[in-house]
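A structural walkthrough
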Amino acid sequence: AWGSVYKKNYYRYPGVQLHEIGHNLNLAHSGGLDGSTYTDHTCLMGNPLYQDDVGEMCFNPAKNFQIAEGGNAWYSGNVDVYNPSTAQPSFTTKTFVGIADYQNNPQNHPVTMKIESGGSSDYFMGFNRATGVNIDNDEADDEVTIVQVNGSNGLDYSQSYLRATLRQGETYRISNYKGSGKNLLITAETININANPGFAVVSLNFDNANVNPPTPQPTPLRPTPLPTTSAPTRACGNDVCLATENDVTCPADCADVELRTWSNDVGARAAEGIMFTVQAKRPLAITGISSFTQTTDNALTQIYTRPGGYILYADSEDGWDLVFDDTIQHNGNSVLTEMPFANNQRVVIPSGAVQSFYIYTPSRLRYREEGTEGQEIQSDESLIFNAGRAIAVTKWDVPGSNVVSPRVLSGILTYDAIESANPATPAPTRNPTQPPTTGPTNQPLTPSPTSPPTNAPTNAPTSAPTSAPTNVSTSAPTNAPTNAPTNAPTAQPTLNPTSSPTLGCGNGFCEADESGDTCPEDCLDLILIPSEVGGNGAYGTMFSVTALERDVEITSINFHASQSAGVQVQVYTRRGSFEGFELTEDGWDLIFDSPITTNGRSDPNVLDGFNVVVPSGETQSFFLYIEGESIRVMYEPLANIEQTPFSNGPLRFDQGIGKMSKFIAGDESLLYSGRILHGQITYNVVNIANVP
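Residues numbered from 1 in each chain as written. Predicted model: local features only at pLDDT ≥ 70, side-chain atom pairs only at ≥ 80, totals over all residues. Heavy atoms only, no water.

1. Observations regarding the overall build of the protein chain
This is how the line gets drawn: Counting from the N terminus, the helices are DSSP H or I runs at least four residues long and the strands are E runs at least two residues long. The classification of residues rests on relative accessible area computed with a 1.4 Å probe and restricted to protein chains. Under 20% of the type maximum is buried, over 50% is exposed, and intermediate values are partly exposed. We call two residues in contact when some of their heavy atoms are within 4.5 Å. Accessibility throughout is a Shrake-Rupley quantity obtained with a 1.4 Å probe, and a residue counts as covered only by protein chains that appear here.
Secondary structure assignment for the protein chain yields four helices and 37 strands. Relative to its 692 residues, the protein chain shows a buried fraction of 49%. Partitioning the contacts of the protein chain with sequence separation of at least 6, the portion at a separation of at least 24 is 73%. Approximately 33500 Å² of the protein chain is accessible, and the part contributed by carbon and sulfur atoms is 48%.

In structure tokens:
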């Protein structure tokens, strides 16, 4: 095409081809929040895609406006302009649909809106719906995005810059709007991706207009009719496993329950391996998985599982348990292939816990492209199923494996809702704190004695003595046993568990009476993973952690970066919350300041060499910041993340924020709330009195 220039072998990538076609449409580059030329990854003109199998992505609101309204425009309509008078306060709301729903828009809502600036550098706003032709979008999925151009009023070739990405409830401020000295506040009031089409309701409030806010949740664009059937009877047999029921008390409702992971379309693509997570709303046991496959043949099929997420364990079988390993007949893409676990292989998940699964077969598993990795796709009263990733070429995520996300398995999860996630014969909660009683209350089933018993007494025993016996008897005893009796049976009664308790040091849990000093194998180098995915990023992120009933010592922080480069990384910390200290260095201590070479999005970067002690019940804040080179710390927006608060026992991760500047007073517009670090925190459980 005329004017298209490709560097090296980049011509092979659809995203690069579409970028160059954008130049042929007279589109300039799209810069990101950091002000660099190519870093707006909500837009193809920001060069976000460098893979040979992804390219379903569109342009940002400024480019869409130019395509619709500029010279030789492709289309018109579904475009709006906001140009209020600055003589008095004003308030309005707008409903947007994504560009992917341009032809699925019965109410003709805008896909882009120009916000007049009073000059040629106008703002543009849209709903970055990540679906359909925009499914491979690389930043701010399903968020409201605001972009500003350098000139030309958005009608001609002009560099644009991403100014804000808004989740539901977040606000962006344009100061001194149109030179008025007053603020324009733009708020994402509602974001609904479950409606058809998905939509975002945005309010624009100039000069703090005193009006009633819009209804937080409007009626969906295509509401489904209310059910005409009555509410289910609250009893066993109503097809709903109630909180008071389980697979034993009500097998009709709570045993062999099936959660279907697709709605209508099972997907046209397939891969040899698919990883995903589920989260239990109550204790349950996964007993099998069914899936559609690409081919009908006999093939090896393996299912691995592990507690928690899979991101840091995707490159090998280390850290996984194999629960299904068999060569089976696969039924293709129209009939499900069942993979039931053996009774001793069912996967028990405690209430609130996350469990990962990885299914592998050369017959290739059918999947869909839906949501974002880690986002809830389907759920029922007991189980949540989340979007995952596909491994298309090799078994594990290694160089050349062609990993793609998000990918959603099309199949069924079968489970039992159980009373407890503990074993059938639970071990004691801890070692007894008092010595055992003299003997069991019931006669123990000990083996027969190896020697004849002493003569039985001829008379009933007298009552117990009222005082302790003297040290030496005054006369020889009659028919005394030859050996002094012990205070307890010589053998453990079989009424108690025959195996030793699993709880205690070495069981993998740091108990209340243990610490790193007394049980290092259970209480040292513990890991808390706030988020397994990170679709967004900023130069820095602030977050807080809270020690829950134990003293802890933070020893390292791992994070994922937007790309690989040599950068300077700094970590600050302070006792208490970061709120009120986002824009000032006062009150912070610098604990890490070193050059590193970041590993990019796939591999974490380890920051260690510090020890931050957090007393039980206290909160500690951290600020991780990257200097220069346009490299960002990756995080995931809080919306659609169900497992909050993020905790693994002694330590809880509290919500954080993204920051596009370091410490600049008055720069609130570069703060993004509700951001969850993509990485992990390593810590020890300690007794603070023993810490130097």
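What follows picks up the thread again.
2. Topic: unusual backbone geometry
Glycine aside, negative phi is the norm for most residues, and most peptide bonds take the trans geometry. At the junction of Asn 196 and Pro 197, the peptide bond is cis and its omega measures out at 0° in the coordinates. Here Pro 197 lies in the loop between β9 (184-192) and β10 (199-206). Going from Ser 405 to Pro 406, the amide bond is cis rather than trans, its omega being 0°. In this fold, Pro 406 is placed in strand β22 (residues 403-409). We note that Asp 142 has phi near 55°; this positive angle belongs to a residue other than glycine. Following the sequence through the fold, Asp 142 ends up in the loop between β5 (123-128) and β6 (143-149). The phi torsion at Asp 239 lies on the positive side, around 70°, for a residue other than glycine.

3. With respect to the packing of aromatic side chains
Under the convention used in this document: Working definition: a ring pair exists when centres of Phe, Tyr or Trp rings (six-membered ring for Trp) sit within 6.5 Å. Plane angles under 30 degrees give stacked, over 60 give edge-to-face, the rest tilted.
This model, assessed by the stated rule, comprises 17 aromatic pairs. Judged by centre distance (5.2 Å) and plane angle (70°), the ring pair of Tyr 304 and Trp 396 falls under edge-to-face. Linking Tyr 304 in strand β14 (residues 298-307) with Trp 396 in the loop between β21 (388-391) and β22, this pair joins segments that are 92 residues apart in sequence. Look at Phe 623 and Phe 663: their rings are 5.3 Å apart centre to centre, the planes differ by 75°, and that puts the pair in the edge-to-face class.

4. Some points on the state of the cysteines
Our working rule: Two cysteine sulfurs form what is called a disulfide whenever their separation falls within 2.5 Å.
Applying the stated criterion across every chain, the model contains four disulfides. Between the sulfur of Cys 241 and that of Cys 254 lies a disulfide, 2.0 Å long from S to S. Between Cys 241 and Cys 254, the S-S dihedral sits near 105°, and the bridge is therefore right-handed. Of the two residues, Cys 241 is situated in the loop between β10 and α3 (251-254) and Cys 254 in helix α3; the sequence distance between them amounts to 13 residues. Side by side, Cys 241 and Cys 254 carry an identical accessibility label, which is buried. Between the sulfur atoms of Cys 505 and its disulfide partner Cys 519 the distance amounts to 2.1 Å.

5. Some points on empty space enclosed by the protein
We count it as follows: Put plainly, a pocket is an open set of points on a 1 Å grid over the protein atoms alone with protein on both sides within 12 Å along at least five of seven lines, a cavity is a set where a 1.4 Å probe fits but cannot get out, and a lining residue has an atom within 4 Å of a point. Grid points are joined across faces, edges and corners, and a volume is the space filled by probe spheres set on the points. In the scheme used here, Gly and all other residues not listed as nonpolar or charged are polar, with Ala, Val, Leu, Ile, Met, Phe, Trp, Tyr, Cys and Pro taken as nonpolar and Asp, Glu, Lys and Arg as charged.
Within the structure shown, the criterion is met by four cavities of 30 Å³ or more. One number sums up the size of the largest cavity: a volume of about 100 Å³. Mapped onto the lining of the largest cavity, the elements with two or more residues apiece are α2 (61-69) and β5. Among the elements that make up the lining of the largest cavity, the one with the highest residue count is β5 (three residues). Residue composition of the lining of the largest cavity, by class: six nonpolar, seven polar and one charged. In this structure, the second largest cavity occupies an estimated 40 Å³ of space. If you trace the second largest cavity, you find it lined by Ala 62, Lys 63, Gln 66, Val 149, Gly 154, Asp 156 and Ser 158. Sorting elements by how many residues they give to the lining of the second largest cavity places α2 first, with three residues.

6. Digging into the pairing of β22
We apply this condition: For two strands to be treated as a pair, DSSP must find at least two bridges joining them.
Counting buried positions along β22 yields five of seven residues, so the element is predominantly enclosed. Sheet analysis places strand β18 (residues 354-368) next to β22, joined by two bridges and oriented antiparallel. Its bridge partner lying in β22, Arg 368 is registered against Val 408. One ladder, built from three bridges, connects β21 with β22; its direction is antiparallel. Bridge assignment links Gly 388 to a residue of β22, and that residue is Arg 407.

7. What about the environment of Phe 653?
Position of Phe 653 relative to the elements: it lies in strand β34 (residues 651-653). Distance from Phe 653 to Pro 530, taken between C-alpha atoms, is 6.3 Å for residues 123 residues apart in sequence. When sequence neighbours within four positions are dropped, the list of residues in contact with Phe 653 reads Leu 528, Pro 530, Phe 543, Ser 544, Val 545, Phe 646, Ile 676, Leu 677 and Ile 681.

8. As for the sheet that holds strand β30 (residues 605-614)
The strands making up a sheet are joined through hydrogen bonds of the backbone, oriented either antiparallel or parallel. Quick note on the threshold: Think of each axis as a best-fit line through the C-alpha atoms, taken over the contacting stretch in the case of a helix, with angles from 0 to 180 degrees between the N-to-C directions.
Pairing in this open sheet of four strands is antiparallel, and the strands run β24-β37-β27-β30 from one edge to the other. The strands lining the two open edges of the sheet, one partner per strand, are β24 (526-528) and β30. Neighbour to neighbour, the strand axes of the sheet diverge by 25° on average, direction disregarded. Across eight bridges, strand β27 (residues 551-559) lies against strand β37 (residues 679-686) in antiparallel orientation. Within β37, the residue paired with Ile 557 across the bridge is Ile 681.

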